[in-house]
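# Examining the three-dimensional arrangement
Listed here are the chains, written in short residue letters.
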Amino acid sequence: MDTAIIIEKSVLIVAVFALTMLMAMYATLAERKVAAWLQDRIGPNRAGKGGILQPLADGLKLFSKEEFLPDTPNKFLFVAGPAISMSVALMTSAVIPWGDKLEIAGRTVIMQATDIDVALLYVFGVLSVGVYGIMIGAWASNNKFSLMSAMRASSQMISYEVAMGLSIIALLMMTGTLSLREIAAQQSGMNWNVFYQPVGFLIFLVCSFAETNRTPFDLAECEAELIGGYHTEYSSMRMGFYLFAEYASMFISSTILAVLYFGAYNYPGMQWAVENWGVNVANIIGFLALFAKLCFFIFFYMWVRWTIPRFRYDQLMRLGWQMLIPLAIANIFVTAICILWSDGNLF
Amino acid sequence: MSDLLLPPELRYAEIIEARKNEDGSELSILNLGPTHPATHGIFQNILLMDGERIIDGEGTVGYIHRAFEKIAENRPFYQITPLTDRMNYCSAPINNMGWWMTVEKALGIEVPKRAQYLRVIVMELARIADHIICNSVLGVDTGALTGFLYVFQYREKIYEIYEEICGARLTTNMGRLGGFERDWSPLAFEKLNQLLEEFPPIWKDFEDLLTRNRIFMDRTIDVGPISAEKAISYGFTGPNLRAAGIDYDIRVMQPYSSYEDFEFNIPVGQSGDTYDRFCVRNAEVWESLSIIKQALAKLPEGPYHADVPDYYLPPKDEVYHNMEALIYHFKIVMGEVPVPVTEVYHAVEGGNGELGFYLTTDGSRTPYRLHFRRPCFIYYQAFNDMVKGQMLSDAIATLSSLNVIAGELDA
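Residues numbered from 1 in each chain as written. Chains lettered and ligands numbered in written order. Predicted model: local features only at pLDDT ≥ 70, side-chain atom pairs only at ≥ 80, totals over all residues. Heavy atoms only, no water.

### What about the overall build of chain A?
We count it as follows: Each helix corresponds to a stretch of at least 4 residues labelled H or I by DSSP, and each strand to a stretch of at least 2 residues labelled E; elements are numbered beginning at the N terminus. Within these notes, the globule rule equals 2.2 Å times the number of residues to the 0.38 power, and the radius of gyration is based on C-alpha atoms. Exposed residues in this analysis have more than 50% of their type's maximum accessible area, buried residues have under 20%, and partly exposed residues fall in between, with area computed by a 1.4 Å probe over protein chains only. Throughout, a residue-residue contact means that at least one pair of heavy atoms, one from each residue, lies within 4.5 Å. The convention is simple: Lys and Arg are positive, Asp and Glu are negative, and His and the chain ends are not counted. Where a charge lies is defined by one atom per residue type: Lys uses NZ, Arg uses CZ, Asp uses CG and Glu uses CD.
A count of helices and strands for chain A gives 12 helices and two strands. Taking 2.2 N^0.38 as the reference for a compact globule, 347 residues should give roughly 20 Å; the C-alpha atoms of chain A span a radius of gyration of 21 Å, in line with that estimate. Based on the C-alpha atoms only, the size of chain A along its principal axes is roughly 60 × 55 × 50 Å. Expressed as a percentage of the 347 residues in chain A, the buried residues total 53%. In chain A, of all internal contacts separated by at least 6 residues, the share reaching a separation of at least 24 is 79%. Across chain A, the mean location of the 21 positive side-chain charges is 9 Å away from that of the 24 negative side-chain charges.

See the structure below:
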């Protein structure tokens, strides 16, 4: 195998991995700062300038805490829970197209750790494994509140995956591909999918909230009733892993939202930039554009979290099965009719 | 032996066994408390759950029982005020004032108008503080933290006013027999006016944040409802009774401390559910603000305490330089004041209901018997009835909106 490819891919993998970790770390700080801003407070400002070192301080604190192990017959599963959550949260970023391509030393480098044809299926597959981390950890905690949380989390994830998948089908009918790279490339200029699939986007957005366990769908951790739910019994960095996984998956789902519906790395005038400023500059701006879009979604997650209350279990189920799924199916039909109509094949 | 006398674990074990034999379903017992974040204090709810649904529940009280009624039998009257602080500590001044009024009623002391108006102001401030906590914590328990922090700084401002009046913040021990220990400082009035100016828009924002929020409405409407008949038969009073549609308010029914001088509305709900309780409390805050404004506008000049040298401490300067004042001071501090043999009941509209004091004296320096009518104790008895058949999340919201405060529950 070509050494250059190995080096190129290694660098990309490390870069993507580092980016995910860094974003998840700083998302915790951002969450606290956004919360403080919305709540008329100052937020963390002691560690470093303006609290910039707060995530490191938090990590250090969690590492130095006692690792409490509850009296449970499943010590192995208890440890495995957070590990699964964490690894699943970090796996998804492999298929995200961060930009179109760069030209370095005469080589064309695709800004994507790996470009697989079924990238979208891969993302869904990996995301749905995420629930096992919560289920296994909560079940192994040997605690009734955790068990309830596990039941809530699993039924919620399964219900919302259906609606999420259906909303994506409408998108796939339009794009005709499962490759995230091609979906991104199709949205060049301002041809963002959100303009063609507004309903699909809304369903997908709601479902991503549910999939990442964020308010108003944070029933699984619900500090008021379940005292933290699945991580009630966790302490030290094991709990840190759960929290970290939540932020990592929030980052990933923001990125997927941006890639699928908001034109990925495309920005208006990208073609012009390629012609006048060169491929590299244009694509670095493209990466920054994607970054700005995903940061907006991360902010949106936080904005929602600190504004509205959470659903009740039965209301959540009703919303998923009785509203989102029929809506997603209707969306598929409408999309199909529109595609046929625009092709002139209707009637 | 009656079934109800069995400990709930044993009682539920039979039900669980029966259900298992009947259709194979597995019920479970969940201990909600005594140390659970949503109980806002320490009391235990043993719930029989079918998954998320509550089949039966039993409340346990007594975790912070401090025998206040018994302690009060060994204390002179003025030393009982600190005990009242520690009941509903979210609205301590109402408890203090209620207690002073009870003793004044027993001793037949007439309080000057200015002191009465000042008492009204501080009691309404306490009501606002109480409702701020109750309603914003209902938001927290349904998952919306922001509103809580948003209004909580105004509770802080109210505490600063308390501080200006009596020096204390949470457990205020405010006032004296016959009035206040000193006249309110200009700074107290300044802070009060500032609050009246700054707080209403914030409270409006808070209401807007939750009142028409679809998720909040879904979470609270038809949650933990209680009918008017049932509420009355349980002995509900205050906002929880008014939410069920009964316009009963002590401030109007048996006016005390010149409440008859003010114009205000009694907001009532319809269904007695969590949402109605929330709305009634929201509306009461507006009424309280209006009462404070009226009281400030009408505030008469004059003495801030009754002229009762037998019971009211003489000024310190007098005590140091005047023999009679020193004797009075000594006698009052030792509790050796003339007390008639009498029996009185006095109730005030507390932060969350009728706070009553039933005082029996036998002519000695201490009460012969003192009973506190504590609304939380009464609400908590209805709690299990209200949440039966509802979900776990509903139980949390119901408990929160009943505003059961452990200090008052156990006394």
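On we go from here.
### Side note on the interface of chain A and chain B
The cut-off we apply is this: Here the quantity called buried area is the accessible surface, traced with a 1.4 Å probe, that two parts lose on coming together, added over both. By convention in these notes, a salt bridge is any Lys or Arg side-chain nitrogen within 4 Å of a carboxyl oxygen on Asp or Glu. Two N or O atoms form a polar contact when they lie within 3.5 Å of each other; inside protein one atom must be a possible hydrogen donor and the other a possible acceptor, and for residues adjacent in sequence the pair counts only when both atoms belong to side chains.
Contacts between chain A and chain B engage 25 residues on the former and 33 residues on the latter. For the pair chain A and chain B, the summed buried area comes to about 2500 Å², and 61% of that belongs to carbon and sulfur atoms. Of all residues in chain A, A:Glu225, A:Pro309 and A:Arg312 bury the most surface against chain B, accounting for 25% of the area lost on that side. For the interface between chain A and chain B, the tally reads two salt bridges. A salt bridge links B:Asp394 to A:Arg312; the shortest N-O distance between them is 2.8 Å. The tally of links from chain A across to chain B stands at eight residue pairs in polar contact (both at pLDDT 80 or more). Among the elements that make up the side of chain A that touches chain B, the one with the highest residue count is helix α5 (residues 144-175) of chain A (four residues).

### Quick word on the environment of A:Ile5
Residues and elements named next belong to chain A. With respect to the helices, strands and loops of the structure, Ile5 is situated in helix α1 (residues 3-38). Its relative accessible area of 34% is what places Ile5 among the partly exposed residues. Along the primary structure Ile5 and Arg152 are separated by 147 residues, whereas in three dimensions their C-alpha atoms are 44 Å apart.

### Focus: the sheet that holds strand β2 (residues 44-50) of chain B
All names here are of chain B. Note the cut-off: Two strands make a pair as long as DSSP finds a minimum of two bridges between them. Axes here mean lines fitted to C-alpha atoms, for a helix over just the part in contact, with angles spanning 0 to 180 degrees between N-to-C directions.
Taken in spatial order, the three strands line up as β1-β2-β3 in an open sheet, and their pairing is antiparallel. The open sheet has two edge strands with one neighbour each: β1 (28-32) and β3 (53-60). For this sheet, the mean inter-axis angle between neighbouring strands, taken without regard to orientation, is 25°. Judged from the seven bridges that link them, β2 and β3 form a sheet pairing that is antiparallel. Opposite Met49, over in β3, you have Ile54 as the bridge partner.

### A few points about the packing of helix α8 (residues 198-211) of chain A against helix α12 (residues 313-343) of chain A
Residue and element names in this part refer to chain A. What counts, and what does not: Small angles under 35 degrees read as roughly parallel and large ones over 145 as roughly antiparallel, with 65 to 115 read as roughly perpendicular and the rest as oblique. Each crossing gets its handedness from the near helix: less than a right angle anticlockwise from the far helix is left-handed, clockwise is right-handed. Residues are sorted three ways: Asp, Glu, Lys and Arg are charged, Ala, Val, Leu, Ile, Met, Phe, Trp, Tyr, Cys and Pro are nonpolar, and all the rest, Gly among them, are polar.
α12 packs onto α8 with a crossing angle of 150° between their chain directions and a minimal axis gap of 10 Å. In this view, α8 runs roughly antiparallel relative to α12, as classed from their interaxial angle. Crossing handedness for the pair α8 and α12: left-handed. Seen from α8, the contacting residues are Val199, Gly200, Ile203, Val206 and Cys207; seen from α12, they are Leu324, Leu327, Ala328 and Asn331. Among the residues making up the contact of α8 with α12, the classes are represented as seven nonpolar, two polar and no charged.

### Regarding the nonpolar core
If you look at soluble globular proteins, the nonpolar side chains tend to sit buried side by side. Basically, it comes down to this: Side-chain atoms within 4.5 Å are what join buried Ala, Val, Leu, Ile, Met, Phe, Trp, Tyr and Cys residues into a set we call a nonpolar core.
With 85 residues, the main nonpolar core has B:Trp99, B:Tyr162, B:Trp184 and B:Phe199 as its most contacted residues. Examining the composition of this core, we find that 12 residues originate from one element, helix α5 (residues 113-141) of chain B, more than from any other. Excluding its chain neighbours within four sequence positions, the residues that come into contact with B:Phe199 are B:Ile128, B:Ile132, B:Tyr154, B:Val285 and B:Leu289. Formed by 80 residues, the second largest nonpolar core is a distinct cluster that contains A:Val123, A:Trp192, A:Ala210 and A:Met270.

### Observations concerning unusual backbone geometry
Even without glycine at this site, A:Asn142 takes up a positive phi of about 60°. Position of A:Asn142 among the secondary structure elements: in the loop between α4 (119-140) and α5. The backbone phi angle of B:Ser258 is positive, close to 65°, even though this residue is not glycine. With respect to the helices and strands, B:Ser258 occurs in the loop between α11 (250-253) and α12 (274-298).

### Brief notes about the layout of surface pockets
Residues and elements named next belong to chain A. The condition is simple: Grid points spaced at 1 Å over the protein atoms alone were grouped into cavities, where a 1.4 Å probe fits but cannot get out, and pockets, open sets with protein on both sides within 12 Å along at least five of seven lines, with lining residues defined by an atom within 4 Å of a point. Grid points are joined across faces, edges and corners, and a volume is the space filled by probe spheres set on the points.
Taken as a whole, the largest pocket holds about 860 Å³ of empty space. Lining the largest pocket we find 35 residues, and of these Thr28, Asp58, Leu62, Leu243 and Tyr247 sit closest to its centre. When grouped by side-chain class, the residues that make up the lining of the largest pocket number 18 nonpolar, seven polar and 10 charged.

### What to know about the sheet that holds strand β5 (residues 353-361) of chain B
Residue and element names in this part refer to chain B. Strand order in the open sheet made by the three strands is β4-β5-β6, with antiparallel pairing throughout. Strands with a single pairing partner mark the edges of an open sheet, and in this sheet they are β4 (343-350) and β6 (367-373). The mean inter-strand angle of the sheet, taken between neighbouring strand axes irrespective of direction, is 15°. On top of the sheet, helix α4 (residues 92-107) reaches β4, β5 and β6; it is set at about 155° to β4, its chief contact.

### Considering the domain arrangement of chain B
Residue and element names in this part refer to chain B. Just so we agree on the cut-off: Where each domain starts and ends comes from a domain assignment, either automatic or drawn from a database.
With domains assigned, chain B is organised as domain 1 (2-60) and domain 2 (68-410). Computed from C-alpha atoms alone, the centre-to-centre distance between domain 1 and domain 2 is 34 Å. Contact with domain 1, which involves 22 residues of that partner, is made by 20 residues of domain 2. Carbon and sulfur atoms supply 61% of the area buried between domain 1 and domain 2, which totals about 1600 Å² over both sides. The largest per-residue losses of area from domain 1 upon contact with domain 2 belong to His40, Phe43 and Ile54, which jointly make up 37% of the total buried on that side.

### A few points about empty space enclosed by the protein
Residues and elements named next belong to chain A. Scanning all chains against the criterion turns up two cavities of 30 Å³ or more. Volume-wise, the largest cavity comes out at about 230 Å³. Contributing to the lining of the largest cavity are 17 residues, with Gly130, Met157, Glu211, Ala245 and Ser249 lying nearest its centre. Contributions of two or more residues to the lining of the largest cavity are made by α3 (75-91), α4 and α9 (236-261). In terms of residue class, the lining of the largest cavity is built from nine nonpolar, six polar and two charged. Taken as a whole, the second largest cavity encloses approximately 50 Å³ of empty space. For the second largest cavity, the full set of lining residues is Val123, Phe124, Leu127, Met164, Phe204, Ser253 and Ile256. Residue assignment for the lining of the second largest cavity shows that the elements contributing at least two residues are α4 and α9. Residues of the lining of the second largest cavity, tallied by class, amount to six nonpolar, one polar and no charged.

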